[in-house]
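One-letter residues, chain by chain:
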Amino acid sequence: MMGLRLGSIRALAFLAVAAVVACGGAATQGKGSVHVLAVWSGSEQDSFKAVLQPFQDQTGIKVEYESTRDVDAILQTRLQAGNPPEIASLPSPATLTKLGGQGKLIQLDSASNPVLDMSTFNSQYAQGWIDLGKINGKLYEIFSWAAVKGLVWYNPKNFAAKNYQVPASWQDLITLQNTIKSGGTTPWCIAVESGAASGWAGSDWVKEIVLSQAGPDVYNSWWQGKTKWSDPAIKSAWQTWGTILGPNNSNVYGGKNQILATNFANGGDPMFKTPPKCYMHNQASFITDNFVKQDKAVAGTDFKFFPLPDVNSQYAGAHVGAGDAFSMLKDTSQARALIKYLTTPEAQAIWVKRGGKLSPNKSFDLANYPDDITRQVAQVMTGAKIFAFDAGDLMPTDMKNAYWKAVLDFVSDQSKLDSILANLDTIQAKAYTT
Amino acid sequence: MTIASERVATPAAERPFTPEWLGQVFSKGLLHVAVIGITLVWIVPTLGLLVSSFRPLDQFSSSGWWTALSPPFKFTLDNYTGVLDASNLGQSFFNSFMITIPATVIPVTIAAFAAYAFSWMKFWGRDMFFLALVGLLAVPLQATFVPILTTFVNLGLTPENVGFVGLWLVHTGYGLPFAIYLLANFFRALPTDLFESAEIDGAGTLTVFFRIVLPLSVPAIASLIIFQFLWIWNDYLVALVYVGGTPEVAPLTVTLANLVGSKGQDYQLLTAAAFFSMIVPLIVFFSLQRYFVRGILAGSVKG
Amino acid sequence: MDFSQLLADVPTLVAVIVGVPAVLAAYIVGGEYVVRLLPDKLRPSVRPWIWVGPALAFVGFFLVYPVFGTAYRSLFDLSGNSFVGLSNYVTQLSGFPSGGSWIAIRNNVFWLVFFTVLVLAFGLLFAVLTDRVSYESPIKSLIFMPMAISFVAIALIWKFMYSYQPPGEPQTGTVNALLGIFHQDPRLWVQDPNVANQALIVAAVWGFVGFAMVILSAALKGIPGDLLEAARVDGAGELTIFRRVIFPLMMPTIVVVGTTLVIFALKAFDVVYVMTNGNYDTDVLANRMYKLLTASQDFGDASAVAIILVAAVIPVLIFNLRQFRAVEARR
């Protein structure tokens, strides 16, 4: 009985293998291979593989793509064991920067044997994106795709029904928030649950406010660990977020419990209920995927966005973004070819057309964006007067994790802000020394 | 599932099996109520997952799973087709077998040898070694990755050179303390007179081991095989660290985890994936469960 | 997909299924053959090493060697360059009750007590109860099912079980919906530090009872049926039989399962990592070590936590030694 069952399972496995083989394409041989480690899984993995396909077809180089959510841990383990992949892409550049500082990355712009054609690269990328990839003046990371944060999503039908206007200034936003609240509905939907990474969605609010309220200089010295968390500029950003949350989070649908318990992916759902439970939801552009799939909402008619208004007009047009950084850990000709390929607008366009990504490349054609909303998001990025990279992703991992946890503590009890910030200061003092 | 629930639904009073000893403490009905009641409570989370795996995403996140059990019925196979669409499902199924079968056979066999020695042979440092083994159960595996992987890389035991062999060895090393501990406990409980009579018959060590110890310990070995198989089948991190997640070598767990996007997109596929990956362990459990039979030892009891 | 590579794999699988057991059997038969070549006197002192040799070699390389490496590393600073003596241990064990590793230690004690007791109690209950009904097989399969689910999926299941909607809204989580039946307001479970540990332990207990049940059931089946029959013929009640016959005979196995569970409780990681990552005061030593190892890249402190974890098992070992000696003495 048992032998029979196991036997039929094996037969099933072989059938499945045969089916896969039958569907598989021709093998690429002889030109070598390159191993890439990154975080993208699911449909993102499909998109990245679509990007790699023309490269493999043209060069004959086989790309072995490996995906894991624990990319930091896996990369560190392999590196220490002396077996790193040739190319890695990490969600947070801080880890790559640290590795670069330890001499574990390949310099991309060395004078004698540069990986990239530097004149083309310099002409196609804005200085800000180039500088982000530099450590001590040497280029170690390139950015292939970008995203913009601080987009406030709303349901235009709900706004029209109540005759609410899209706010043009921070003051307008506060007025709108109070109007909505006096109408008996909570203005905001906020959700920060994300398993092991819980809190990050709320940390976006704080960093956007720091940039827009205190300006890029404070923002930079803050993520660099030179400005303390208890500094008035940072503290006041948390307090400004507190005015959004309201006393006891009363401006947010479901209050504290809902914020902590709801997964960020479901954060915007109550906007689409009838009657709406909230009117606004601040999240990066990837969230539209959930609106479409989970809430059966239609872009343009059921949801639109406005960029979070400037808190301080002195820093008008300041926006926070993020990007996908690539680095080389082993110098092979195949890895060089792939890094070069990933900086081209042609490679970037493949994923951009599939949705969910923007291109940081200046020569990128706006027509490549799949829909109007994405085009508008891209315009926010290109039109930004001050564009700063996600502060959390630039902080050492310990600092970032403490920052996320602080969000949970702040939402739990806003009155504990001082002790929360003091604790962050303690961690800051240690995290940057490694 | 269906068979089980049909049987559960059969009224207890109609069962032909009515040993009178039950009447003393539990009335027969009470026993059945207790067994079925606890089981029902126990399967609620699994049942919720099963129902959810047939629900469309928009339903799934907005209402409880039990609401799906009343009209209007809105069920879908989307989650299952989503899992079956995973790009290299067949290959990773194959890989999981390639990893799990040897990584179960090797440690269970080696553990049986060692457990026999620990329970029925005398040698220097026996108790010390045995206790050390139990203590090693507590080693957090994460602390062992770097030294072992470094040695593997230096010795050339990488997946490019030796395929899954490195991973089998790792799983053997990690699995042995528990396997030896469990088997030694069962081997030790075997009646001493069995061994004495075997010695009088002039049977050698091998004969005693293969003809007496192994057959009498079948329930223990069966449960050990179940657990070792299960742990390796469900392992994600160890496989990822030692052989990696490229399609050629990725086991089922890695492939299924990659169905979900890095920001949790399509997480509902995990519901169907959980059932998909449960199939093989449950078959193993079902097939080995028939070895849990009472009374093998009847007649050769020690006091 | 490379066709030739796959075809090459199929014979590999067959070779492995046939070859691996063959090699292992050949080893032990060959070893015994060699032993027989030795003089009679030497055989009893050589034979055991043939039988335990492979196990000791594997465990030595895969566990003992890394543990010594970790112990050594725990005496160095975070980058591993300068010797710091015991200062990592001081860091981890100072600041009682909330500094260093103390929250994690407190939670591990919590896990140790509740996880172990609950899993053992339910496991024993299921093993004994199902033994007495004719439909044992399907019931045990249903109870066992959670064991076949990966921890990521278990975390997902319990996320749904504990999910929260504001009062007045239809609840999507089973637990809060049940509260609603009793006219109680829904509440947070995993996100409330007052109950988060209990909530995680319940999820882990649910996932692990199948383990205890299967092993205890195997031990129960090992109790000769005629022994039980004899007790019944003597007119002993079922509770008396359980207390006087079943329980003592199962005691060694209960100790084994209990010991294993205590050690699993000390090593508790997956459920905590996936569901809270130690937030809401739920951190445990293994998760703390993982964070120190990966996020902080602080190898000194991570190694110290790992060694604390291994050292915590010593009382369990002493208990086992006593049990071990007791069984020996009874022979």
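Residues numbered from 1 in each chain as written. Chains lettered and ligands numbered in written order. Predicted model: local features only at pLDDT ≥ 70, side-chain atom pairs only at ≥ 80, totals over all residues.

Caption draft 1: Focus on the nonpolar core. Counting 318 residues, the largest nonpolar core has A111, A114, I180 and L183 of chain B as its most contacted members. Excluding its chain neighbours within four sequence positions, the residues that come into contact with I180 of chain B are A111, A114, A115, F118 and L133 of chain B together with A55 of chain C. (Core = buried A, V, L, I, M, F, W, Y, C linked by C-beta atoms within 7 Å. Buried ≥ 20, exposed ≤ 12 C-beta atoms within 10 Å, placed from the backbone. Contact = placed C-beta atoms within 7 Å.)

Caption draft 2: Summary view of unusual backbone geometry. All names here are of chain A. In this model, T274 is joined to P275 through a cis peptide bond whose omega is -10°. As for its placement among the helices and strands, P275 is situated in the loop between α11 (255–261) and β8 (280–282). One non-glycine residue, K296, lies in positive phi territory at about 50°. Structurally, the position occupied by K296 is in the loop between α12 (288–295) and β9 (304–307). (Helix = DSSP H or I, 4+ residues; strand = E, 2+ residues; numbered from the N terminus.)

Caption draft 3: Structural view of the domain arrangement of chain C. All names here are of chain C. Domains assigned within chain C are domain 1 (3–73) and domain 2 (94–330). On a C-alpha basis, the centres of domain 1 and domain 2 stand 33 Å from each other. The interface is formed by four residues belonging to domain 1 together with six residues belonging to domain 2. Residues belonging to the side of domain 1 that touches domain 2 are distributed by class as follows: two nonpolar, one polar and one charged. (Domains from an automatic or database assignment. Nonpolar A, V, L, I, M, F, W, Y, C, P; charged D, E, K, R; others polar.)

Caption draft 4: Inspection of helix α14 (residues 314–330) of chain C at higher detail. Residue and element names in this part refer to chain C. Over its 17 residues, α14 extends 25 Å from the first C-alpha to the last, a length consistent with the 24 Å expected when each residue adds 1.5 Å. Taken together, the buried positions of α14 are occupied by V316, N320 and F324. Mapping the buried residues of α14 onto a view down its axis gives an arc of 75°, with all of them on the same face. Turned more than 90 degrees off the buried face of α14, the exposed positions are I314, P315, I318, R322, R325, A326 and A329. (Expected span 1.5 Å × (residues − 1). Arc of directions from axis to C-beta.)

Caption draft 5: Representation of the domain arrangement of chain A within the structure. Residue and element names in this part refer to chain A. Taken domain by domain, chain A holds domain 1 (2–148 + 322–382) and domain 2 (151–319 + 389–431). Summarising the inter-unit geometry, the C-alpha centres of domain 1 and domain 2 are found 30 Å apart. Those elements that place two or more of their residues in the side of domain 1 that touches domain 2 are α4 (93–101), β6 (142–148), β10 (318–328) and α15 (372–383). Residue contributions to the side of domain 1 that touches domain 2 peak at six residues, all from α15.

Caption draft 6: Highlighting helix α14 (residues 345–354) of chain A. Residue and element names in this part refer to chain A. Restricting attention to buried positions, one finds in α14 the residues A347, Q348, W351 and V352. Angular distribution of buried residues about the axis of α14 spans 135°; they occupy a single face of the element. Looking at the buried positions of α14, the neighbouring elements they touch are α2 (42–59), β6 and α13 (333–342). G355 occupies a position one or two residues after α14 and carries a positive phi of about 100°.

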